[in-house]
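# Tertiary structure, described
These are the residues of each chain, in order.
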Amino acid sequence: MERKDLLNLVKDMTITEKAMQMTQLNSGMICHTQLTNLTGPFREWSFTDEQVEHAGSILATRGAEEIMRIQKEYLEKSKHKIPLVFMDDVIHGYRTIYPIPLAQGCSFDADLIEQAASETAKEASAAGIHVTFSPMADLVRDPRWGRVMESPGEDPYLAGVAAAAMVRGYQGEDVSAKDKVGACIKHFAAYGQPEGGREYNTVDMSRGVLRDFYLPAYKAAVDAGVELVMASFNTVERVPATCSQYLLRQILREEWGFKGMVISDFAAMDEIMNHCVAADAYEAGEKCLKAGMDMEMMSGVYIASLEKLLEEGAITMDEIDECVLRILELKNRLGLFENPYKGADPELEKELFCCDAHRETARKLAAESMVLLKNEGVLPLQEGKTIGLAGPLASSGRILGAWSCDGRIEDSITIERGLRNVLGDKLVTAATTEFFGEAIDIPDDTEAALEAFKDCEICVVAVGEKEWETGEAASKTVLTLPPNQEKLIHTLKANGKKVVTLLFTGRPMDITPILGDSDAVLQAWFPGTEGGNAIADILFGRVNPCGRLTMSFPRNVGQIPVYYNCYNTGRPNVSDDKYSSRYLDCPNAPLYPFGYGLSYTQFAYSDMKLEANGGTHPRGMQAHELDAGTLKVSVKVKNAGAVSGAVVAQLYIRDVSGSVVRPLKELKGYQKLTLQPQEEQIVEFEITKEMLSFYNNDEKFVFEPGLFEIMLGNHAEDVITESVWIR
Ligand code: BGC
């Protein structure tokens, strides 16, 4: 449809039609069936039947037949024939479930992440969905917060790479194509830093920190052409993001040039009254509209307020039309005016769901995203030996993870099944009782396990969290495993077994108590539909582990937040000086740092070279003139082991003379390469001005000449460093 036709449509709409076009409801509401999935203050809103018939969008309805039916009935009644846009949380797969996003980040494999998103788009679109509320690009540093599982981790650059890859995968070149869906970057902004890790809590930080760390990943998605932005629940600078002109107008629209649609989070427009920045729905409606909030999710502020606000002259019709037009433009770009059913296809749905090709990608991505944290010579396992398998996640299909959309546990390959495919009768299981109900821990079955495993030298123990203990509204203050899970590990070890611990968690946990009694630890996250096969691939060495952590592991909860790209202090803890920035009872360094991960081979870095073009600086260090060309750095990486494997060569930079303090290290690039045994390769990076720039205290993105440290290596705490004066 032409823009002028859309404008005409907007002109023809009544104020009620406009307010409802700006409202997203769920299908229970629209179809007058039972309301489902209601949280927050939604229950209190009552829409009239007539109003409901004009709603602009539907949340969380699934299935081609159902969606086609609703769309058809809606359009038959609709005066303007503006189709509904169906949106849903398709976070890490639709029916085929891929590993959780935090795990996907650990793969450092943008192509594979994009591939998974593109397959997800195929399934979701066939099931009638037009827009997914993904990717989530909230930078995270606090594993007490349950939603860290939805984020690619603690690094702005990597989070941006992952977010952009997902946007490309979902939307492709042409978002109107039948197998594509619109993407929605969320939660804008800084939702990942709630105080104390408590869900929905206050976020407060300097603008410099916001811009340097928290905004880049959303921006990467905007630059990749993301169709929608979801505002976050939290406040930023004491203003709820939902009505923040600073975030939604100044940064998003004016600075970044975002032309797409903005949607609130679930009932968040209503909730700004709880934040006490609006006394009633009128004030709430006015504030959100002024900030350019186009669509309200699951509350009735716009329908309750816009007409009166117009009469009072508090808002203008132009301000309303601006939002309505952006909604119609989205529908138009999705191709819904031409084909309101888009990709919905009940037959195709059946063909695509959990098809071989999607399972293959899910298996590969799951294996690449698992991080081997410890291995005292016990892995890989040998195929002919009798192996014991225990733990609450051992025989359970509940390894998909939270937000697993239409994923079915009966489709998922359990760990038992994955290992049995390889071991057959040589796999002995015991103490595999799943978690039941609300109980956080499992029954104590250690005696039974010892008895069953009497002929097993090695025991694999699958422990971790329940799916519902991660994701939204799943903040925790204790991050150790529950007592009976820990006991299982301790008892097996105390009885002479070699213990391979598999961790199924949506966050870095406090694993200090079980580390000593685990001969190997594999962080498996929630690996998705093909989890069991991917675990078998890793445990038997069919895939050499190559996942690298994107979130630091704390030694204990008291150390949180612990992250690699922090600032220095005036008294860094370089010695045991009591009056340095340190704890009396715990080191500063995390248990496992960002970028860390073992393989069944070792990688050695040497011969770092810096091609500086500026001779020697008067103070003795090498110098480089950026205007005369980018700075080239390289390092030799060698596979020093006996099996081939993939390595993630990481480039970090530190600015040691900024006008404001700069992080100890910032990841600025990485390359993932596969090396054969004893093979060496030179890995090269080019450092540009942009990579050295940051936001100063005037909120300007600047390059400041001065001394920089350039670091290349295996992970944030294992690098070779060269200093250079850059102008
Ligand atoms: C979550 C969003 C999600 C929305 C719709 C909210 O509670 O914060 O991430 O997209 O619900 O389901």
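Model, not experiment: these values are computed from the prediction.

Before going further, it helps to examine the sheet that holds strand S17 (residues 603-611). Strand order in the open sheet made by the 3 strands is S17-S19-S22, with antiparallel pairing throughout. Only two strands of the sheet have a single neighbouring strand rather than two, namely S17 and strand S22 (680-687). Adjacent strand axes in the sheet meet at a mean angle of 20 degrees when their direction is disregarded. In the sheet, strand S19 (residues 631-639) pairs with S22 via 8 bridges, with the strands oriented antiparallel. By the bridge assignment, Lys632 is partnered in S22 with Glu686.

Because the α-helix completes a turn every 3.6 residues, residues three or four places apart line up on one side. Taking 1.5 Å per residue as the helical rise, helix H20 (residues 483-494) with its 12 residues ought to reach 16 Å, and the 16 Å between its terminal C-alpha atoms agrees with that figure. Among the residues of H20, those classed as buried are Gln485, Glu486, Leu488, Ile489, Thr491 and Leu492. Buried residues along H20 sit against strand S12 (387-390), helix H19 (446-452), strand S14 (458-464), strand S15 (498-504) and helix H21 (512-515). Following H20 by one or two positions, Gly496 adopts a phi angle in the positive range, close to 85 degrees.

With respect to spatial proximity, 13 residues lie near the ligand, and among them Asp89, Arg147, His187, Asp265 and Glu472 are the closest. Contact between the ligand and Arg147: an oxygen atom at 2.7 Å from a side-chain N or O atom of the residue. Here Asp265 contributes a side-chain N or O atom positioned 2.6 Å from an oxygen atom of the ligand. Look at the ligand: alone it shows 310 Å² of surface, and the protein chains cover 94% of it. For the shell around the ligand, the per-class residue count stands at 7 nonpolar, 1 polar and 5 charged.

Quick look at the packing of helix H18 (residues 415-423) against helix H22 (residues 531-539) now. Running from N to C, H18 and H22 cross one another at 50 degrees; their axes reach a closest spacing of 7 Å. Relative to H22, the element H18 lies oblique. The element H18 and its partner H22 pack so that their crossing is right-handed. Contacts from Ile415, Gly418, Leu419, Asn421 and Val422 of H18 reach H22 at Gly531, Gly532, Asn533, Ile535, Ala536 and Leu539. A per-class count over the contact of H18 with H22 returns 6 nonpolar, 5 polar and no charged.

All told, the structure shown has 17 aromatic pairs when counted by the stated rule. For the ring pair Trp525 and Phe553, a centre distance of 6.4 Å and an interplane angle of 65 degrees mean the geometry is edge-to-face. With a gap of 28 residues between them, Trp525 in the loop between strand S16 (520-523) and H22 and Phe553 in the loop between H22 and S17 connect regions that are remote in the sequence. With relative accessibility at 0%, the residue Trp525 sits in the buried group. The exposure class assigned to Phe553 is buried, which follows from its relative accessible area of 0%. Three or more aromatic residues link up through ring pairs in this structure, and these residues are Phe108, Tyr157, Tyr564, Phe594, Tyr652 and Tyr670. One Lys or Arg, Arg141, reaches over the ring of Tyr563 and ends 3.8 Å from the middle of that ring.

Rules used in this analysis
- Residues numbered from 1 in each chain as written.
- Predicted model: local features only at pLDDT ≥ 70, side-chain atom pairs only at ≥ 80, totals over all residues.
- Heavy atoms only, no water.
- Pairing = 2+ DSSP bridges.
- Helix = DSSP H or I, 4+ residues; strand = E, 2+ residues; numbered from the N terminus.
- Axes fitted to C-alpha atoms, helices over the stretch in contact; angles between N-to-C directions.
- Expected span 1.5 Å × (residues − 1).
- Buried < 20%, exposed > 50% of the residue type's maximum accessible area, 1.4 Å probe, protein only.
- Contact = heavy atoms within 4.5 Å.
- Near = heavy atom within 4 Å.
- Polar contact = N/O pair within 3.5 Å; in protein donor to acceptor, adjacent residues only side chain to side chain.
- Areas by Shrake-Rupley, 256 points an atom, 1.4 Å probe, with all protein chains shown as cover.
- Nonpolar A, V, L, I, M, F, W, Y, C, P; charged D, E, K, R; others polar.
- Parallel < 35°, antiparallel > 145°, perpendicular 65-115°, else oblique.
- Left-handed = near helix turned anticlockwise from the far one by under 90°.
- Phe/Tyr/Trp six-rings, centres within 6.5 Å; stacked < 30°, edge-to-face > 60°.
- Lys NZ or Arg CZ within 6 Å of the ring centre and 35° of its normal.

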